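Coordinate analysis (summary)
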Amino acid sequence: MDWKKKFLEISEDFPEPDKNKKFLAGFNANIDRVLSAEKIIDSEIRPKDLERITKKDDLKSVLAYCKEKGKNKEIDIERFKPNIEDGKTFIGGQGGIVSTFASRIGANSAIYAPFISKRLSRAMDDEVLVPVTEKKFKNVSDAVNSGKTKENLIFEFKGDKTGRLILSDSLKGFEPVFMEDEAFIKFIDEEIDRFFFSGFHHISEEMVEKARNQLKTLNTPIHFEYVYTDGKKSKKIVEEILPCVESLGCDGDEMNQIAESIGLEPPESLNEHVDTMIKIMEKTGLSRFHIHTYEFHICVFRKDYGISPEKVLDSMVFGELCAIASAEKGDIPFIKDVRNFDFEEKHLKGVGKIEDFSETGIVSLNEFSIVAIPIIIHENPERLVGLGDIISSGGFFSEIF
């Protein structure tokens, strides 16, 4: 496989979204304030893997740890919130990022979030739609229902492995569930062609059953984007939520946590990843599992999933291209940014491992199909936040363009 040629062909020729199909992302949407970690990291502070930050030295220690280990980490803001006014602000949260991204590449895009403030709506493109209780959709600027806005602080760093630390703000009353009645849920189920849900790392224990019951009523295919959380909640999500969705997406660290939650060893090689993904799918009943790592992307799906391996591969390539267009632009990309892709300041990683796995990137194994692609490395990215969400949603949504 000439992977460079494949990426260039997909950037130029991948089909436009079908406007007759509608995609909805939920549940978390917030403002991201993005800052450079290098301005705060102190070489004299010892790296520590902390789960709580109560003072500025804690922040410096965790930043140093994340950079040293190449980790992405999210910690809830509790007692300590840095008084920082600089940095750039963007739409954030998986729901906010994915709905804006889908709109910008020309898809018919919607979001469901329990709280939409005026500030949040202004951070989004007005083409993004919101289902409302009148059983219709409104543009996001006309769907403001709250004065509350969640703002996360995101510290990005560059090194052998780029990454970030998120200090996650809380929004009282937020839960990743639909606040409306069964008739409303049935309405959006009939209107939407694919769902992309996240935010469950913030779910309270008493709301897990409600979320599970709501997900089970939906007939529309659901992609669940996993976010690293504490071990107890991870086990709950894997056991209670994953059996209610069709598709799962995560990064390498999140994959390890999912594996550990059901007693599996963290995988290392590409083949070990495939074996572990299949075991997780057999445990949870998932139809599709897409992982994005620093070396390769893999999608394992059942042969009765309904999408050909060739289409899944092309869609994964498209999702990766969209993410790198975001890294280059410094913001969520438009479809023209993807069409104008070139390899300047970029190179492919993982080609050898993919070719050892399969010349075409596609393998058939019993009742499963496996697709693997190399990743694009951008030497000077302008944006890191949300790349995994764009990879996952770009791949999942574009399967039905």
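Predicted model, so just to flag it, every value in this text is computed and none were measured. Residue positions are given per chain, counting from 1 as you read along its sequence in written order. In keeping with the model being predicted, local features are shown solely for residues with a pLDDT of at least 70 and side-chain atom pairs are shown and tallied solely at 80 or more, while totals for entire chains, interfaces and linings include all residues. To get the side-chain values, all heavy atoms of the structure are used, and hydrogens and water are removed first.

Helix numbers and strand numbers start at the N terminus; a helix is a DSSP run of H or I with at least 4 residues, a strand a run of E with at least 2. Tallying secondary structure elements over the protein gives 13 helices and 17 strands in all. Taking 2.2 N^0.38 as the reference for a compact globule, 401 residues should give roughly 21 Å; the C-alpha atoms of the protein span a radius of gyration of 20 Å, in line with that estimate. The principal-axis extents of the C-alpha atoms in the protein amount to approximately 55 × 50 × 45 Å. In the protein, which comprises 401 residues, the proportion classed as buried is 59%. Restricting to contacts in the protein with at least 6 residues of sequence separation, those with at least 24 account for 73%. Only the protein chains shown count as cover for residues, and the accessible areas themselves come from Shrake-Rupley with a 1.4 Å probe. Accessible surface, the protein as shown: approximately 17100 Å² in total, 43% of it carbon and sulfur. Charge counting follows a simple rule: Lys and Arg are positive, Asp and Glu are negative, and His as well as the terminal groups are ignored. For the purpose of locating charges, the reference atoms are NZ of Lys, CZ of Arg, CG of Asp and CD of Glu. For the protein, the distance from the average site of its 56 positive side-chain charges to the average site of its 73 negative ones is 4 Å. Only C-alpha atoms enter the radius of gyration, while the globule expectation follows 2.2 Å times N to the 0.38, with N the number of residues. When a residue's accessible area, from a 1.4 Å probe over protein chains only, is under 20% of the maximum for its type it is buried; when over 50% it is exposed; and in between it is partly exposed. Here a residue-residue contact requires only that any non-hydrogen atoms of the pair lie within 4.5 Å.

Our next topic: the packing of aromatic side chains. Pairing of aromatic side chains here covers Phe, Tyr and the six-membered ring of Trp, requires ring centres within 6.5 Å, and sorts the geometry by plane angle: under 30 degrees stacked, over 60 edge-to-face, intermediate tilted. In the structure shown here, the tally under the stated rule is 19 aromatic pairs. Where F23 meets F397, the ring centres are 4.4 Å apart and the plane angle is 25 degrees; that geometry is what we call stacked. With F23 in strand 1 (residues 22-26) and F397 in helix 13 (residues 387-398), this residue pair connects regions lying 374 residues apart in the sequence. Look at F178 and F197: their rings are 6.0 Å apart centre to centre, the planes differ by 75 degrees, and that puts the pair in the edge-to-face class. Here F197 lies in strand 10 (residues 194-197) and F178 lies in the loop between strand 9 (163-168) and helix 5 (182-191), a separation of 19 residues in the sequence. Of the two residues, F178 and F197, both sit in the buried class. Of the aromatic side chains, those joined through ring pairs into one cluster are F27, Y112, F178, F184, F195, F197, F200 and F224. It is K148 that lies over the ring of F115; its NZ or CZ is 4.1 Å from the centre. Note that R194 overlies the ring of F396, its terminal NZ or CZ placed 4.2 Å from the centroid. The criterion is that NZ of a Lys, or CZ of an Arg, lies within 6 Å of the ring centre and within 35 degrees of the ring normal, and then a charge sits over that ring.

Right, let's get into the environment of F196. With respect to the secondary-structure elements, F196 resides in strand 10. When its relative accessible area of 0% is taken as the criterion, F196 is described as buried. Each C-alpha atom, one on F196 and one on G386, is 14 Å from the other, the two residues being 190 residues apart in sequence. The contact partners of F196, leaving out residues within four places of it in the chain, are L24, A25, G26, Q94, V98, H223, E225, D389, S392, S393 and F397.

This part takes up the packing of helix 3 (residues 94-104) against helix 13. Lines fitted to the C-alpha atoms define the axes, with helices restricted to the stretch that makes contact. Angles between their N-to-C directions range from 0 to 180 degrees. The N-to-C vectors of helix 3 and helix 13 enclose an angle of 50 degrees; their axes lie 10 Å apart at closest approach. It follows from the interaxial angle that helix 3 and helix 13 lie oblique. The hand of the helix 3/helix 13 crossing is right-handed. In this structure, helix 3 contributes Q94, I97, V98, F101 and A102 to the contact, and helix 13 contributes D389, I390, S393, G394 and F397. Orientation labels follow simple angle bins: below 35 degrees gives roughly parallel, above 145 gives roughly antiparallel, 65 to 115 gives roughly perpendicular, and whatever is left gives oblique. If you view the pair so one helix is near and one far, a crossing is left-handed when the near helix is turned anticlockwise from the far one by less than a right angle, and right-handed when it is turned clockwise.

Among the buried residues, those of types Ala, Val, Leu, Ile, Met, Phe, Trp, Tyr and Cys that are joined through side-chain atoms within 4.5 Å form a nonpolar core. Ranked by internal contacts, the top residues of the largest apolar core, which has 116 residues, are F178, F197, F200, L215, F224, I298 and F318. With 11 residues, helix 10 (residues 309-329) is the largest single contributor of residues to this core. Residue contacts for F318: discarding those within four places in its chain leaves I10, F14, I105, I335, V338, G394, S398 and F401. In this structure, V62, Y65, L153 and L167 belong to the second largest nonpolar core, which totals 18 residues.

Before going further, it helps to examine the pattern of salt bridges. When the charged atoms of two side chains lie near each other, side chains of opposite charge can form a pair. Criterion for a salt bridge: a side-chain nitrogen of Lys or Arg within 4 Å of a carboxyl oxygen of Asp or Glu. By the definition in use, this model includes 23 salt bridges. Close ionic contact of E205 with K232 constitutes a salt bridge, the shortest N to O distance being 3.9 Å. Taken together, the residues span a long stretch of sequence, with E205 in the loop between strand 10 and helix 6 (208-217) and K232 in helix 7 (residues 231-241) at a distance of 27 residues. Judged on exposure class, the residue E205 and its partner K232 are both exposed. For D337, the salt bridge identified is with K329, shortest N-O distance 3.5 Å. With relative accessibility at 38%, the residue K329 sits in the partly exposed group.

To continue, consider the pairing of strand 3 (residues 73-76). Each regular strand carries side chains that alternate between the two faces of the sheet. Here strand 3 shows one buried face, formed by K73 and I75, and one open face, formed by E74 and D76. By the convention used here, strands pair only if DSSP detects at least 2 bridges between them. The pairing of strand 3 with strand 9 spans 4 bridges and is parallel. Each residue of the ladder has a partner; that of I75, found in strand 9, is L167.

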